[in-house]
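Chain residues, written in single-letter form:
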Amino acid sequence: LPKPNMSGCEITQKIEVKVEIVVDQDGKVVSAIVESATYQDNCIWTMVVQAAKLSRFSVDQNAGYRQTGWINYIIVP
């Protein structure tokens, strides 16, 4: 999984962000939204969503059309 690029974001404490993702049969993330976070910051949220969308998973043509899951990011200063 790609790590979020936090350059430009101010990180002063440990932050946990849970991102809900939807993955298609080709293993590509087609949707990513912040589900919960210990700190609200648009810069951080934007970066973790971008990283989540770049994630790739195993191709499975027998899987459902869309699979839902989560990625938990822990950001430290």
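Residues numbered from 1 in each chain as written. Predicted model: local features only at pLDDT ≥ 70, side-chain atom pairs only at ≥ 80, totals over all residues. Heavy atoms only, no water.

Draft legend 1. Structural detail: helix H1 (residues 42-54). For H1, built from 13 residues, the straight-helix expectation of 18 Å at 1.5 Å per residue is met to within 8% by its first-to-last C-alpha distance of 18 Å. Taken together, the buried positions of H1 are occupied by Ile 44, Met 47, Val 48, Val 49, Ala 51 and Ala 52. Looking at the buried positions of H1, the neighbouring elements they touch are strand E1 (15-24), strand E2 (29-37) and strand E3 (66-75). Taking the backbone nitrogen of Cys 43 as reference, a side-chain oxygen 2.9 Å away marks Asp 41 as the first, capping residue of H1. (Helix = DSSP H or I, 4+ residues; strand = E, 2+ residues; numbered from the N terminus. Expected span 1.5 Å × (residues − 1). Buried < 20%, exposed > 50% of the residue type's maximum accessible area, 1.4 Å probe, protein only. Contact = heavy atoms within 4.5 Å. Polar contact = N/O pair within 3.5 Å; in protein donor to acceptor, adjacent residues only side chain to side chain.)

Draft legend 2. The arrangement of the state of the cysteines in detail. Tallied over the entire structure, the rule returns 1 disulfide. In this model, Cys 9 is linked to Cys 43 through a disulfide, with the two sulfur atoms separated by 1.9 Å. Its S-S torsion of about -85 degrees marks the bond between Cys 9 and Cys 43 as left-handed, since a negative value means left-handed. Here the residue Cys 9 occupies a position in the segment before E1, and Cys 43 occupies one in helix H1, the gap between them amounting to 34 residues. (Disulfide = S-S within 2.5 Å.)

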